[in-house]
Amino acid sequence: NHLYAVFFFVYIVVVVFTMFRIVTAIFVRDSMAQAAKDHELAVQQKLDHKKEYVESMLAFFHAADSSGDGVLSSAEFHDILANEKVTSWLNLMDIDIVEATDLFSVLAGEDDKVSLEEFKRGILHVKGHARSEDVVAIKHHCVKMWKNAASVESALEQGVQALRRDISQLEGRLR
């Protein structure tokens, strides 16, 4: 009698413990699956947001391209920026007018025109934080420019020294 009670007590404790472990394992598995889906969802939302941003900016490009030639001239760009609704819309898109003007100048180059492809590539770099590879590229260019400036300075110093020698020699001859 007593042995049956102990056996059933142990049996019930083991079964309940096992059931809790199974329920916990299922809960953890489902939580991990949901977390993976949340990560995938966040990535997809970011890609969708980027796509919407590009589409909005392309609509801006086409609206600004009053000539319809697929190239945005400086005059067309400044004409559309004169519209208060456009500047408000750009502010809603987190684009500062000064930054947009600077970006246009950089993209346009010497011909003062921006093609649709140049615009697409350039506008994606305006939105968001600077990426580490952007910072590394800028640093690399700065180091190159510094080295070039140092070599120019060295060449100028040598030239100045040569001129001083020549002037001293000429003064010596003139005396």
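Everything quoted here is computed from the prediction, not taken from an experiment.

### Some words on the overall build of the protein chain
Check the secondary structure of the protein chain and you find six helices and two strands. Here the C-alpha radius of gyration of the protein chain, 35 Å, is well above what a compact globule of 175 residues would show, namely 16 Å. Taking the principal axes of the C-alpha coordinates as reference, the protein chain spans close to 135 × 55 × 25 Å. Taken over 175 residues, the protein chain has a buried fraction of 17%. Across the protein chain, the fraction of contacts at a sequence separation of at least 24, relative to all contacts at a separation of at least 6, is 57%.

### Some thoughts on helix 4 (residues 97–108)
Relative to the 16 Å expected for twelve residues at 1.5 Å per residue, helix 4 spans 16 Å between its end C-alpha atoms, a close match to the ideal helical length. Three or more residues of helix 4 are buried, namely A100, L103, F104, L107 and A108. Angularly, the buried residues of helix 4 cover 125 degrees about the axis, an arc narrow enough to put them on a single face. Away from the buried face of helix 4 by more than 90 degrees, exposed residues V98 and V106 are located. Taken together, the buried residues of helix 4 touch strand 1 (71–73), helix 2 (74–81), strand 2 (113–115) and helix 5 (116–124). Following helix 4 by one or two positions, G109 has its phi on the positive side, about 70 degrees.

### Comments concerning the nonpolar core
One finds M57, F60, F77, L90, I95, F119 and I123 to be the most contacted residues of the largest nonpolar core, which totals 21 residues. Broken down by secondary-structure element, the contributors of at least two residues to this core are helix 1 (2–64), helix 2, helix 3 (84–92), helix 4 and helix 5.

### What about the pattern of salt bridges?
With the rule as written, the count across this model stands at two salt bridges. Measuring nitrogen to oxygen at the nearest pair gives 3.4 Å for the salt bridge that ties E117 to K120. With E117 and K120 both in helix 5, this residue pair falls three residues apart, about one helical turn. With a relative accessible area of 44%, E117 lands in the partly exposed category. By relative accessible area, which is 29% here, K120 ends up partly exposed.

### Some words on the packing of helix 1 against helix 2
The N-to-C vectors of helix 1 and helix 2 enclose an angle of 110 degrees; their axes lie 9 Å apart at closest approach. In terms of orientation, helix 1 and helix 2 fall into the roughly perpendicular class. When helix 1 is examined against helix 2, the residues F60, A63 and A64 are found in contact with a partner set consisting of E76, F77 and I80. Residues of the contact of helix 1 with helix 2, tallied by class, amount to five nonpolar, no polar and one charged.

### Considerations on the packing of aromatic side chains
In this structure the tally under the stated criterion is seven aromatic pairs. Ring centres of F7 and Y11 lie 6.4 Å apart, and the angle between their planes is 20 degrees; on these two criteria the pair is classed as stacked. Within this pair, F7 and its partner Y11 are both found in helix 1, separated by four residues, close to a single helical turn. Residue F7 is classed as exposed on the basis of its relative accessible area of 52%. By way of ring pairs, the aromatic residues F60, F61, F77, W89, F104 and F119 are connected into one cluster.

What counts and how
Residues numbered from 1 in each chain as written. Predicted model: local features only at pLDDT ≥ 70, side-chain atom pairs only at ≥ 80, totals over all residues. Heavy atoms only, no water. Helix = DSSP H or I, 4+ residues; strand = E, 2+ residues; numbered from the N terminus. Rg over C-alpha atoms; globule rule 2.2 N^0.38 Å. Buried < 20%, exposed > 50% of the residue type's maximum accessible area, 1.4 Å probe, protein only. Contact = heavy atoms within 4.5 Å. Expected span 1.5 Å × (residues − 1). Arc of directions from axis to C-beta. Core = buried A, V, L, I, M, F, W, Y, C linked by side-chain atoms within 4.5 Å. Salt bridge = Lys/Arg side-chain N within 4 Å of Asp/Glu carboxyl O. Axes fitted to C-alpha atoms, helices over the stretch in contact; angles between N-to-C directions. Parallel < 35°, antiparallel > 145°, perpendicular 65-115°, else oblique. Nonpolar A, V, L, I, M, F, W, Y, C, P; charged D, E, K, R; others polar. Phe/Tyr/Trp six-rings, centres within 6.5 Å; stacked < 30°, edge-to-face > 60°.

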